[in-house]
Each structure stands twice: as C-alpha cells, then as structure tokens.
Amino acid sequence: MTQPPSRPPRRRKKKEPLVVLLVALVVAAVTWPFEKLRGHGEHREHSRRRGRRRAAVLVAAGVVAVLLIVTLAAAAGGNTIHGNVTVHGIGVGGLTVDQAALKLAQAAPRSGAVTFAWNGHRWDLNATTLHARLAAVSAARDAYRYTRQGNFLARSWTRLWLVLASHDVTPAVVFAKARTAERLATVARVVDIKPVQGSVTIKGAQPVVREAHDGRAVDRATVMSLFKRAVISGDHLTAALPVVRVVPEVSTADAQAAAATARTWLSGPLALTHAGH
C-alpha cells in the first residue's frame, strides 16, 4: 500500500519584533507623563534660579544706591561732623571742629576725683588740684575724622551705619604732668619696695648664694586710667590702690647656677693671669 507523501513542517512566524514593539509602546505610554512632569520640574527650577538672581541683583543695586546717597549727603555736609556722632554722650553732629570743641569745653565736667586706699593709707587724685580736663579740641577732631578714615567703601559703610545708630568718641584727658608725677611719687614712697637680686659671694673658698626676693610697685598705668575715667565722668570714685609685683632680674636659680660654676673652678688649682703675668 502506498503511503501519501509527507508534508514539510510549517515554520512558525516570528513574533519577537511584534512583541518588542508592543512592549516599547506600553513603556512609552507609561513613562510619557512622568517625563513631561520632570520637564515641567526642570522648567520651574530654572525659573526659581532666574528669580533668585534677579532678586540678588535688585538688592545689590539698592545697597549701592544707598551708599551713593549717604556718600553724597556726607560730601554735601562739607567741613562739619557727621550726624549721630557724640563725644562722651555730648552731641556734636553738624558742627565744625571749632564749634564742637567750644561746646565740649563748656559742657564737659570740671570735677572728678579718685580716692585710693591701701594698707590703712588713703590718697586723693583730684581734677582741680592736678588741672585735669577733657581734651576738647582733640576730641572734636577725632569726631570729625571718624567718617573720613579708610577707603571709599569703608567711609560709605560708616556713614550708612550712622543712619541707623550713633557712635560715641571717648575723649582724651590732659593734666599737669609735673604735679601728677609728684603726687604719684608721694604714693610710691610708701608702697614701692625694690626687688632683691639673686647674687653669689665668696666666703673663704666657698660660694654663698643670696636668695632673690620680689618687690612691689604702684601700678601707675591703672591709677591714671581710673583717674582719667573720673575726670571724664565728673564722678568721685573710690578704689583699692593697684599694686603689682616686681620680679628681680636675677633669680635665686640663676644665683645657684653661678655658685655651682664657682665651686667647679675652686675645686682645683686656679691660676690667675693679668697682662702676661
């Protein structure tokens, strides 16, 4: 019996390209809204940055404008002291140096004193006795120079700050130097003790050490600082006399080291020569 001829096997059509296409379309459909949102986010961030840059430029322009206005206003003031400047609480803004010096001389206190106490002793430093007073002319000049120091930016910043707050100049104090030195010498004769320097002496053949001892002295810088404060304020202050320790230049340790060297020299034969002899 004859068998029918066998049919060749059918080849299945490849579906991979179609599947890949469908998957790509689905992914694109899902991710498209997110890509669009991200694009909007980047746009918004760019807009924010541009807005911040504009704000910074506007602020900088405003600061420059204020500085220019303050500078021009100060220049228009001519030779007068800038407003909101005081000398020990006395307003001198808008005045010339001469006018400010006259006002300070008239308004400044003419009294002031300090009483110092130490070990049962008391001493007075009095503004009237020592002819002490506020240095009105130099204080007025310092007030005038306050807004005229430094470069352009420094001067502009100082003047801008004076629009918001005041500045007080601390005045100097002048006094009769000879009388003041004599008064301080009177105090020092009671208080001061010179320090004892460490030293070495030779007794027989042995070096002997003399120990060093600290001294004491009136702290004149602190005394004058308190006195000037009293003159400026016009108050009568009371304070303990400031005394400082005075350390000797040659200490006991230095003397002991020198004595040890001397013992080494004296421990053996020692030949002394002078001019070849």
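How each quantity is defined
- Residues numbered from 1 in each chain as written.
- Predicted model: local features only at pLDDT ≥ 70, side-chain atom pairs only at ≥ 80, totals over all residues.
- Heavy atoms only, no water.
- Core = buried A, V, L, I, M, F, W, Y, C linked by side-chain atoms within 4.5 Å.
- Buried < 20%, exposed > 50% of the residue type's maximum accessible area, 1.4 Å probe, protein only.
- Helix = DSSP H or I, 4+ residues; strand = E, 2+ residues; numbered from the N terminus.
- Pairing = 2+ DSSP bridges.
- Patch = residues over 30% accessible without salt bridge, like charges linked within 9 Å, V, L, I, M, F, W, Y side chains within 5 Å.
- Areas by Shrake-Rupley, 256 points an atom, 1.4 Å probe, with all protein chains shown as cover.
- Salt bridge = Lys/Arg side-chain N within 4 Å of Asp/Glu carboxyl O.
- pLDDT = per-residue confidence, 0-100.
- Contact = heavy atoms within 4.5 Å.
- Axes fitted to C-alpha atoms, helices over the stretch in contact; angles between N-to-C directions.
- Parallel < 35°, antiparallel > 145°, perpendicular 65-115°, else oblique.
- Left-handed = near helix turned anticlockwise from the far one by under 90°.

Trainee: Looking at this structure, I do not really get the nonpolar core. What am I missing?
Mentor: Soluble globular proteins: nonpolar side chains tend toward being buried together. Ranked by size, the top nonpolar core spans 21 residues in total, and within it Phe116, Leu125, Val191, Val223, Phe227 and Leu241 carry the most contacts. Those elements giving two or more residues to this core turn out to be strand 3 (113–118), strand 4 (121–126), helix 5 (177–191) and helix 6 (220–233). Ranked by residue count, the leading element in this core is helix 6, at seven residues. The next biggest cluster of nonpolar side chains, apart from the first, holds 17 residues, and it includes Val87, Val92, Ala136 and Ala140.

Trainee: Sorry if this is basic, but what is going on with the sheet that holds strand 2 (residues 90–91) here?
Mentor: In a beta sheet, neighbouring strands pair by backbone hydrogen bonds and run either parallel or antiparallel. Spatially, three strands are ordered 2-1-6 in an open sheet, and the strand pairing comes out mixed. Every other strand in the sheet has two partners, leaving strand 2 and strand 6 (167–169) as the edge strands with one partner each. Both strand 1 (residues 85–87) and strand 6 contribute to a ladder of three bridges, which runs parallel. In the sheet register, valine 85 faces strand 6, and the bridge partner there is histidine 167.

Trainee: Can you walk me through a nonpolar patch on the surface in this structure?
Mentor: On the surface, Trp157, Trp161, Val163 and Leu164 cluster together into a nonpolar patch covering about 510 Å² of accessible area. Examined against the element boundaries, tryptophan 161 turns out to sit in helix 4 (residues 152–164). On the accessibility criterion, tryptophan 161 (44% relative accessible area) is partly exposed.

Trainee: Got a minute to help me understand the pattern of salt bridges in this structure?
Mentor: If charged atoms from side chains of opposite charge come close, those side chains can pair. Within this structure, the stated rule accounts for two salt bridges. Arginine 145 is the salt-bridge partner of aspartate 142, the closest N and O atoms lying 3.7 Å from each other. Taken as a pair, aspartate 142 and arginine 145 lie in helix 3 (residues 136–145) at a separation of three residues, close to a single helical turn. The salt bridge partner of aspartate 214 is arginine 245, with a shortest N-O separation of 3.0 Å. Taken together, the positions of aspartate 214 in the loop between strand 9 (206–210) and strand 10 (215–218) and arginine 245 in strand 12 (residues 243–246) put the pair 31 residues apart, joining distant regions of the chain. Note on aspartate 214: relative accessible area 39%, which makes it partly exposed.

Trainee: Got a minute to help me understand the confidence of the model for the protein in this structure?
Mentor: Interpretation of the predicted coordinates at a detailed level should be avoided for regions scoring low in pLDDT. This prediction gives the protein a mean pLDDT of 81; 71% of its residues lie at or above 70. Scored below 50 in pLDDT, residues 1–15 shows zero contacts in the model against residues more than four places distant or in partner chains.

Trainee: What is the right way to look at the sheet that holds strand 4 in this model?
Mentor: On the basis of which strands lie adjacent, the open sheet formed by three strands has the order 4-3-11 and mixed pairing. Two strands bound the open sheet, and with one partner strand each, they are strand 4 and strand 11 (236–240). Put simply, the sheet's adjacent strands are angled 20 degrees from each other on average, direction ignored. With six bridges joining them, strand 3 and strand 4 adopt antiparallel strand pairing. Bridge pairing in strand 4 places tryptophan 118 opposite histidine 121. Where helix 5 meets the sheet, it contacts strand 3 and strand 4, and its direction lies at approximately 165 degrees from that of strand 4.

Trainee: Would you mind going over the packing of helix 5 against helix 6 with me for this structure?
Mentor: The interhelical angle for the contact between helix 5 and helix 6, taken along N-to-C directions, is 125 degrees, at an axis separation of 12 Å. When the axes of helix 5 and helix 6 are compared, the pair comes out oblique. Between helix 5 and helix 6 the crossing geometry is right-handed. Facing Thr180, Leu184, Ala185 and Ala188 of helix 5, the residues of helix 6 in contact are Arg220, Val223 and Met224.

Trainee: Even after reading the chapter, I still don't get the environment of valine 187, so can you show me in this structure?
Mentor: With respect to the helices and strands, valine 187 occurs in helix 5. With relative accessibility at 6%, the residue valine 187 sits in the buried group. Placed 66 residues apart in sequence, valine 187 and histidine 121 show a C-alpha to C-alpha distance of 9.2 Å. Apart from the residues lying within four places of it in its own chain, the contact partners of valine 187 are Trp123, Val218 and Leu241.

Trainee: I'm lost on the side chain of threonine 180 in this one. Help?
Mentor: Position of threonine 180 among the secondary structure elements: in helix 5. Residue classification places threonine 180 among the buried residues on the basis of a relative accessible area of 3%. When residues no more than four places from it in sequence are discounted, the contact partners of threonine 180 are Leu130, Phe175 and Met224.

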